[in-house]
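Each chain, written out:
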Amino acid sequence: MTTETTQIARSFVTARQEAKALPDFPGQLPRDLATGYRVQDAAIALWPDSVAGWKIGRVPAAQASVLGADRVAGPIFSKLVWPARNGAEIPFPVYENGFAAVEAEYVFRIGADAPADKTTWTRAEAEGLIAAMHVGVELAGSPLATINDLGSTVVVSDFGNNHGLILGPEVPNWRAELDKGLHAETFIEGERVGEGGADSKNDGPLDALAFLAGHLAQRGMPLKAGQLISTGAVTGVHDIRIGQRSRVSFNGSGDILCAAVKAGANGKGFS
């Protein structure tokens, strides 16, 4: 790790722990995804929590050809995973003057360790790692309000723009349901802001998992049994502000209710 890489990572980690916004990117913008992931690796080493899983995000089409990738990854930490409770609203922390969004997701729970030396995966091979599929809401969040505007190399550098996961119930008979196609809707303050779905074909959750399995093996961090994998926003990325409420409806699998509250210090609490 270079000194600058460590300094950037420390700036993001400190801002998250102190729940303070960053006015600008704290250094030179990463020139490529590899540089961004080096910052992410340094930040993971500094963060005082274990990795419970990983989020997967899309690289915007205009950047994909330049960066040579169409997906990115970031860690989800153990203390930032909340179980959904039937009918109960889950509060989640938002950095004041930072970035925050809710994303409807299908979440795989990994049932077996992936081979450490396997760096290329097919959709069918990746499916063999899955113990269950849940519905969930990824809580995108960063102390840097412009994180998405600055591009995927910056997104990668700050934990993939992740600030938690609300884990909903398992989807019974998920393979058959995914074959048929799944649908979800996202509401903020009662207004529908997005809808979409996923299936077992069409570059969906299984393809995302195949990407992640190879990607993490290349980084020396192969997938482990029990990890939760948030496979990508299916209704879009929906900005949310402190004080606002959201409902994510997974047709056939229930609703997840959540509310954005001001983050407190130490990376997880509320003010």
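Structure: above.
Not measured: the values here are computed from a predicted model.

1. Let's talk about the packing of helix 1 (residues 3–18) against helix 2 (residues 33–46)
Right, so step 1: Contact geometry for helix 1 and helix 2: axes closest at 8 Å, N-to-C directions at 55°. Put simply, helix 1 runs oblique to helix 2. For the pair helix 1 and helix 2, the crossing hand works out as right-handed. Along its contact with helix 1, which presents T5, I8, A9, R10 and V13, the element helix 2 presents R38, V39, A42, A43 and L46.
Right, so step 2: Across the contact of helix 1 with helix 2, the residue classes tally to seven nonpolar, one polar and two charged.

2. A few points about the pairing of strand 13 (residues 254–262)
Put simply, side chains in a regular strand alternate between the two faces of the sheet.
Right, so step 1: Pairing geometry for strand 4 (residues 89–94) and strand 13, over six bridges, is parallel. Opposite V94, over in strand 13, you have K262 as the bridge partner.
Right, so step 2: Pairing between strand 12 (residues 245–250) and strand 13: six bridges, direction antiparallel. Bridge assignment links S249 to a residue of strand 13, and that residue is D255.

3. Remarks on the pattern of salt bridges
Right, so step 1: The final tally for this structure, using the stated rule, is 17 salt bridges.
Right, so step 2: The salt bridge partner of D203 is R58, with a shortest N-O separation of 2.9 Å. Remark: R58 occurs in strand 1 (residues 51–58) and D203 occurs in the loop between strand 9 (191–198) and helix 7 (205–218); sequence separation between them is 145 residues.
Right, so step 3: A relative accessible area of 46% places R58 in the partly exposed class.
Right, so step 4: Several salt bridges converge on common partners, so that one network encompasses R58, R71 and D203.

4. Describing helix 7
Right, so step 1: Its 14 residues give helix 7 an end-to-end C-alpha distance of 20 Å, which sits within 8% of 20 Å, the value for a rise of 1.5 Å per residue.
Right, so step 2: Of all 14 residues that make up helix 7, 12 are buried, and the element is covered over most of its length.
Right, so step 3: For helix 7, the complete set of buried residues consists of P205, L206, D207, A208, L209, A210, L212, A213, G214, H215, L216 and A217.
Right, so step 4: Among the residues trailing helix 7, G220 stands out with phi positive, at a value near 75°.

5. A short note on the sheet that holds strand 12
Right, so step 1: Taken in spatial order, the five strands of this open sheet run 4-13-12-8-9, and their pairing is mixed. One side of each edge strand has no neighbouring strand; the edge strands of this open sheet are strand 4 and strand 9. For this sheet the average axis-to-axis angle between neighbouring strands, irrespective of direction, equals 25°.

6. Some details on the side chain of T186
Right, so step 1: Within the secondary structure layout, T186 lies in strand 8 (residues 182–188).
Right, so step 2: On the basis of relative accessibility, which here comes to 0%, the residue T186 falls in the buried class.
Right, so step 3: Contacts of T186, omitting those with residues within four sequence positions, involve V102, A104, E191, R192, V193, G194, T235, H238, S246, R247 and V248.

7. Looking at the nonpolar core
Right, so step 1: By size, the foremost hydrophobic cluster in this structure holds 74 residues, and its most contacted members are F92, Y106, L223 and I229.
Right, so step 2: The leading source of residues in this core is strand 5 (residues 99–110), at eight residues.
Right, so step 3: Not counting residues within four places of it along the chain, the set of residues in contact with L223 comprises W54, I110, D113, A114, L129, L209, L212, A213, L216 and I229.
Right, so step 4: Core analysis: the second largest hydrophobic core is formed by five residues, I76, V107, L165 and L228 among them.

8. Quick notes on the environment of M221
Right, so step 1: For M221, the position within the fold is in the loop between helix 7 and strand 10 (228–230).
Right, so step 2: Since its relative accessible area comes to 26%, M221 is described here as partly exposed.
Right, so step 3: Each C-alpha atom of the pair M221 and A116 lies 7.6 Å from the other, and the pair is 105 residues apart in sequence.

Rules of the game
- Positions within a chain are numbered from 1, following the residues in the order the chain's sequence is written.
- Confidence filtering applies because this is a predicted model: local features only for residues at pLDDT of at least 70, side-chain atom pairs given and counted only at 80 or more, and all residues used for totals across whole chains, interfaces and linings.
- With hydrogens and water set aside, each side-chain value is computed from the structure's full complement of heavy atoms.
- Interaxial angles span 0 to 180 degrees and are taken between N-to-C directions of axes, which are lines fitted to C-alpha atoms, for helices over the stretch in contact.
- Counting from the N terminus, the helices are DSSP H or I runs at least four residues long and the strands are E runs at least two residues long.
- If an angle is under 35 degrees, it is roughly parallel; if it is over 145, roughly antiparallel; if it lies from 65 to 115, roughly perpendicular; otherwise it is oblique.
- Handedness of a crossing follows from how the near helix is turned relative to the far one, being left-handed for an anticlockwise turn of less than a right angle and right-handed for a clockwise one.
- Whether two residues are in contact is decided by their heavy atoms, any of which lying within 4.5 Å being enough.
- Throughout this entry, Asp, Glu, Lys and Arg are counted as charged residues, while Ala, Val, Leu, Ile, Met, Phe, Trp, Tyr, Cys and Pro are counted as nonpolar. The remaining residues, Gly among them, count as polar.
- The rule for pairing is simple: two strands pair if DSSP sees at least two bridges between them.
- A carboxyl oxygen of Asp or Glu within 4 Å of a side-chain nitrogen of Lys or Arg is what we treat as a salt bridge.
- In this scheme, a residue with accessible area under 20% of its type's maximum is buried, one over 50% is exposed, and one in between is partly exposed, where area comes from a 1.4 Å probe on protein chains only.
- How far a helix is expected to stretch is found by multiplying one less than its residue total by 1.5 Å.
- Only buried residues count toward a nonpolar core, which is a set of Ala, Val, Leu, Ile, Met, Phe, Trp, Tyr and Cys residues joined through side-chain atoms within 4.5 Å.

In short, the description is geometric, and any link to function would need to be established separately.
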